[in-house]
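Examining the three-dimensional arrangement
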Amino acid sequence: MVSDTIGAGRLLRASALELSDDRFLKAALLAEFQSSFGPAGGSARVFAAPARINLIGEHIDYNGGQVFPVALDKCLYLAIRQRADDVIVIRNLQLPGEYRRSLAEAGASDADTGFALYIDGMLAGLRAAGATIDHGFEALLFSTVPMGAGVSSSAALELCFGVALSSLYNFTIDRLELVKLAQKAEHDFVGVQCGIMDQFAVAFGRRGQAMLLDTASLVYQYVPLELGDFCIVLMNSNFPRALAGSKYNERRAECDKALALLRPALAVNKLCAIRPEQFDRQAGLLVDPVLLRRARHCVYENERVRRSVEALRAGDLVRFGELMKQSHLSLRDDYEVTSPALDALFDAASGHEACLGARMTGAGFGGCVIALVKRADYNEFSARVGQAYTALTGLVADFYMSAAGDGARELA
Ligand code: GLA
């Protein structure tokens, strides 16, 4: 048995290979849990929820657009068990301190910030949906997701707790309801008026597959992520995403304004219901150049998603790479959610001969850029792009070869 050979402290020294093995992760996290909380209280259960990237279709999930995310094989892991009293204790193996509240306090304190807001939001949402959480719990977190990098570690946290708590407290909830509840936690507790893409991808991700999600109808289909000799490289700019929350809400409000101006002429209730040729005919209604640019991004980005899926299905990676580049330029010039660091990483990656296309992924401002790169050139690509990026910005980027993994789940 793996667990007999793994003691506390081992997880923080694990190799990349070990960290890609669920059996190792479960055994090692349980050993850490026992050493942190002690054996009294019985054994814990282990849950996982992945990070996500978005291949294309950025900032249109709140405009009724189609998006094309992938759940990654990097996950947030949670060992958890109920307590006999009404106290909640959550520790993170990689961070000092702990979250400690009574059940009555959780969500009631205005002083809560950061991590605590997500927990409060999920607890409040589950209770509002009818869950009876009448005992406290203790939990230990460990993550292989780059945190705060724009790959939705927040949705991973929400869904990991969502799946774990509903199971621990025998609360049956439809997965789509859990997704909506997590999105609401983000709106009401964290204050970001996000779309539904992240929570959806984290909940419904499937190994080896990307997901084409129509955010107007919530109908989705899996599309095999078959890239032949190529792979998706995830590059973390390590540029802080400080503006992400406030600017995000600002963009959303700008889209609503643009829609209100276009609606009388076009009779649509979402920006992405407008086809590019229709938009071009009515664009004069948007006198404010900022609103014009925001709406143009949404309409054309939605069209790029359609073409990207077509290109991938036809195995036309050159075309897909070209659409990725167009998406980045639109996010830079029309939607204005990139940053000098993201643009530098995009430029450095796009200039490399092994790269067919690159673009920022997620909310933007900081965070990550993805690139479609010849697999055999991954090491050389990372080294050269990394050097060029540091020369341009003084920052050091992290590189990961990404793979599509499964959605939120309990580890067997
Ligand atoms: C964040 C939000 C998503 C989506 C992306 C941008 O990740 O949580 O809903 O809007 O930004 O595409």
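Data block above holds the structure.
Thresholds applied
Residues numbered from 1 in each chain as written. Predicted model: local features only at pLDDT ≥ 70, side-chain atom pairs only at ≥ 80, totals over all residues. Heavy atoms only, no water. Helix = DSSP H or I, 4+ residues; strand = E, 2+ residues; numbered from the N terminus. Buried < 20%, exposed > 50% of the residue type's maximum accessible area, 1.4 Å probe, protein only. Pairing = 2+ DSSP bridges. Near = heavy atom within 4 Å. Polar contact = N/O pair within 3.5 Å; in protein donor to acceptor, adjacent residues only side chain to side chain. Areas by Shrake-Rupley, 256 points an atom, 1.4 Å probe, with all protein chains shown as cover. 1 Å grid on protein atoms, 1.4 Å probe; cavity = no way out; pocket = protein on both sides within 12 Å on 5 of 7 lines; lining within 4 Å. Sits in = over half its atoms within 2 Å of the grid points. Axes fitted to C-alpha atoms, helices over the stretch in contact; angles between N-to-C directions. Contact = heavy atoms within 4.5 Å. Core = buried A, V, L, I, M, F, W, Y, C linked by side-chain atoms within 4.5 Å. Domains from an automatic or database assignment. Parallel < 35°, antiparallel > 145°, perpendicular 65-115°, else oblique. Left-handed = near helix turned anticlockwise from the far one by under 90°. Nonpolar A, V, L, I, M, F, W, Y, C, P; charged D, E, K, R; others polar. Salt bridge = Lys/Arg side-chain N within 4 Å of Asp/Glu carboxyl O.

Once that is clear, we can look at unusual backbone geometry. A positive phi angle, near 65 degrees, is found at Ser-152, a position not held by glycine. Checked against the element boundaries, Ser-152 lands in the loop between strand S6 (137-143) and helix H4 (153-168). Its identity is not glycine, yet Phe-365 carries a phi of approximately 70 degrees, on the positive side. Position of Phe-365 among the secondary structure elements: in the loop between strand S10 (355-361) and strand S11 (368-374).

We now examine the pairing of S11. By the criterion of burial, S11 is predominantly enclosed, with 6 of the 7 residues buried. With 7 bridges connecting them, strand S9 (residues 230-236) and S11 associate as antiparallel partners. Looking at S11, one finds that Met-235 is bridged to Val-369. With 6 bridges joining them, S10 and S11 adopt antiparallel strand pairing. Residue pairing for S11: Ala-358 is matched across the bridge by Ala-371. Linking two consecutive strands that pair antiparallel, namely S10 and S11, is a turn of 6 residues; a positive phi of about 95 degrees is found at Gly-362 within it.

All right, on to the site of the ligand then. Residues in close proximity to the ligand include Arg-52, Glu-58, His-59, Asp-61, Tyr-62, Cys-194, Gly-195, Met-197, Asp-198, Tyr-248, Gly-362 and Ala-363, which together make up its full environment. In the model, an oxygen atom of the ligand is placed 2.6 Å from a nitrogen or oxygen of the Tyr-248 side chain. Within the complex, 93% of the 310 Å² of free accessible area of the ligand lies under protein. More than half of the atoms belonging to the ligand lie within 2 Å of the grid points that define the largest pocket.

A word on the sheet that holds S11. Strand order in the open sheet made by the 4 strands is S10-S11-S9-S12, with antiparallel pairing throughout. Because the sheet does not close on itself, it has two edges, and the strands there are S10 and strand S12 (398-402). The sheet shows a mean angle of 25 degrees between the axes of neighbouring strands, direction not considered. Against the sheet, helix H10 (residues 317-333) engages S9, S10 and S11, with an angle of about 35 degrees to S10. Sitting on the sheet, helix H12 (residues 378-393) touches S9, S10, S11 and S12, and the angle it makes with S12 is about 155 degrees.

So, on to the nonpolar core. Formed by 127 residues in total, the largest nonpolar core has its most connected members in Phe-68, Phe-137, Met-235 and Phe-381. In terms of residue count, the dominant contributor to this core is H4 (10 residues). Residue contributions to this core reach at least three from each of two domains, namely domain 1 (11-58 + 69-222 + 406-410) and domain 2 (226-402). Listed in part, the 22 residues of the second largest apolar core include Leu-11, Ala-28, Leu-29 and Val-89.

Let's shift gears to the sheet that holds strand S5 (residues 95-102). Strand order in the open sheet made by the 6 strands is S5-S4-S6-S3-S1-S13, with mixed pairing throughout. Every interior strand has two partners, whereas the edge strands, S5 and strand S13 (409-410), have only one. The sheet contact formed by strand S4 (residues 87-92) and S6 spans 5 bridges and is parallel. Paired with Asn-92 across the two strands is Leu-141, which belongs to S6. Relative to the sheet, helix H6 (residues 197-204) contacts strand S1 (45-54) and strand S3 (69-82), its axis offset from that of S1 by approximately 130 degrees.

Between H4 and helix H5 (residues 175-190), the shortest axis-to-axis distance is 10 Å and the interhelical angle comes to 130 degrees. Here H5 runs oblique to H4, going by the angle between their axes. H4 and H5 meet at a crossing whose hand is right-handed. Mapping the contact onto sequence places Ser-154, Glu-158, Leu-159, Gly-162, Val-163 and Ser-166 in H4 and Arg-175, Leu-178, Ala-182 and Glu-186 in H5. Of the residues belonging to the contact of H4 with H5, the class tally is 4 nonpolar, 3 polar and 3 charged.

Further remarks concern the pattern of salt bridges. Proximity of charged atoms lets side chains of opposite charge pair with each other. Applying the stated criterion across every chain, the model contains 28 salt bridges. The closest approach of N and O atoms between Glu-58 and Arg-359, which form a salt bridge, is 2.8 Å. Of this pair, Glu-58 sits in the loop between S1 and strand S2 (66-67) while Arg-359 sits in strand S10; the two residues are 301 residues apart in sequence, bridging distant segments of the chain. As far as the burial class goes, Glu-58 and Arg-359 line up, both buried. The residue Arg-359 makes a salt bridge to Glu-301 at a minimum N-O spacing of 3.8 Å. Of this pair, Arg-359 sits in strand S10 while Glu-301 sits in helix H9 (residues 289-313); the two residues are 58 residues apart in sequence, bridging distant segments of the chain. Salt bridges sharing common partners tie together Lys-247, Glu-250, Arg-251, Glu-254, Arg-293, Arg-294 and Glu-336.

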